[in-house]
Amino acid sequence: MLEKIYLAKPRGYCAGVVMAIEAVERAAQENKKNNDGDLSVYHAIVHNNTVIERLEQKHNVHFVENLAEIKDLGQNMSDTVVFSAHGISPKVRQEADRLGLATIDATCPLVTKVHTEAKKYAAEGYQILLIGDSSQHQEVIGTKGEAPDATIVVSVLGNQKEDSSLADPLTVQVKDPDKLIVLTQTTLSVDDVKQTIELLKKRFPKLLIPASDDLCYATKNRQDAIKRIAPMVDLFLVVTSNYSSNGMRLLELANSLMNNSKRIESLADIKSNWLKDVKSLGISSAASTPDDLVQEIISYFKNKNPQLKIIEEGEWENIKFRPAKKVPAKKRHVS
């Protein structure tokens, strides 16, 4: 019988996700109040199915992968679009201006920092090695879009076969090894990035590494909590959607540490056979996972065993980002 649950702290929403979701909710409510029509969001505001479904159902939010889709949604659409937390390339911003859309940029400030670095170093003549987990991840697309001609997207060491479009850090070729910098996607494995940068530094001794680490604090903190808990549990559950980069890195980390981790979206995904002979259970969740999904799991197990011990490991974060601001349309589209 299950005796203990170790809950990771921090887990669930990070400051960037809170800022992004609140931006969408606030804009949707403002549209409704002013009868301005339904709100559109470019790409999933965060990578979690429950969040997307709730925004669609409660606020009539529409998610698009191409700004041209907004017109196709009908006349009841507002002329405001929200950009997702993962960041966008300059081309998307230019397209929004061309279409006469007002914009709300909900890009996480930590992603914006990487964008700023990409623009700065490209302007100074550096070639950029951008470490990412997929060439199709929205954050990678956005960052590369700031300096497309100067950027090579490189996989983390050992994962190059996951996406053949990524350059292999073992063999990547550069124009000038004396004018080279490495940047990273913010949601990668801390350990994998460290090993990859160490390899690149050996291959390119003059590789420039920015003084400020690109990996976000929330990514590091959630991975640290997994490391503390994994040795104490028989099974680890990570509550995340499968397209959440930071969530899948948590799952991989847990499995590497204790070889018995499972990804679930919610309580409904838990299989009873997983719990056979499990006395201690670890639970964490991605930075885009609503914590009520975790609390539902806790309540379920508490109802089955009122004597169950719930132990929280780690410390909560105390970081907030400023609300995203609306930028009026620069010009209206002329056919």
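Bear in mind that the values here come from a model prediction, so they are computed numbers and not experimental data.

A. Looking closely at the nonpolar core. Judged by nonpolar contacts, the single largest core of 29 residues is most densely connected at V24, I45, V46, V61 and V82. Those elements that place two or more of their residues in this core are helix 1 (15-33), strand 2 (38-42), helix 2 (49-59) and helix 8 (217-229). A per-element tally of this core places helix 1 first, with nine residues. Counting 19 residues, the second largest nonpolar core, distinct from the first, contains I5, I264, W274 and L308.

B. Representation of empty space enclosed by the protein in the model. Here the structure, examined in full by the defined rule, presents two cavities of 30 Å³ or more. Forming the walls of the largest cavity are 24 residues, and the residues nearest its centre are C14, V17, H86, T187 and N246. Elements supplying a minimum of two residues to the lining of the largest cavity: helix 1, helix 5 (109-123), helix 8 and helix 9 (245-258). Considering every element that reaches the lining of the largest cavity, the biggest residue donor is helix 8, with three residues. Volume-wise, the second largest cavity comes out at about 40 Å³. Lining the second largest cavity, in full, are D133, V156, N159, L188, S189, D192 and R249.

C. Just the packing of helix 1 against helix 2, in detail. Packing of helix 1 against helix 2 brings their axes to within 11 Å, and their N-to-C directions diverge by 10°. The angle between helix 1 and helix 2 places the two elements in the roughly parallel class. The residues of helix 2 that touch helix 1, namely those facing I21, V24, E25, A28 and Q29, are V51, L55 and H59. Of the residues contributing to the contact of helix 1 with helix 2, the split by class is five nonpolar, two polar and one charged.

Cut-offs and rules
Residues numbered from 1 in each chain as written. Predicted model: local features only at pLDDT ≥ 70, side-chain atom pairs only at ≥ 80, totals over all residues. Heavy atoms only, no water. Core = buried A, V, L, I, M, F, W, Y, C linked by side-chain atoms within 4.5 Å. Buried < 20%, exposed > 50% of the residue type's maximum accessible area, 1.4 Å probe, protein only. Helix = DSSP H or I, 4+ residues; strand = E, 2+ residues; numbered from the N terminus. 1 Å grid on protein atoms, 1.4 Å probe; cavity = no way out; pocket = protein on both sides within 12 Å on 5 of 7 lines; lining within 4 Å. Points joined across faces, edges and corners; volume = space filled by probe spheres on them. Axes fitted to C-alpha atoms, helices over the stretch in contact; angles between N-to-C directions. Parallel < 35°, antiparallel > 145°, perpendicular 65-115°, else oblique. Contact = heavy atoms within 4.5 Å. Nonpolar A, V, L, I, M, F, W, Y, C, P; charged D, E, K, R; others polar.

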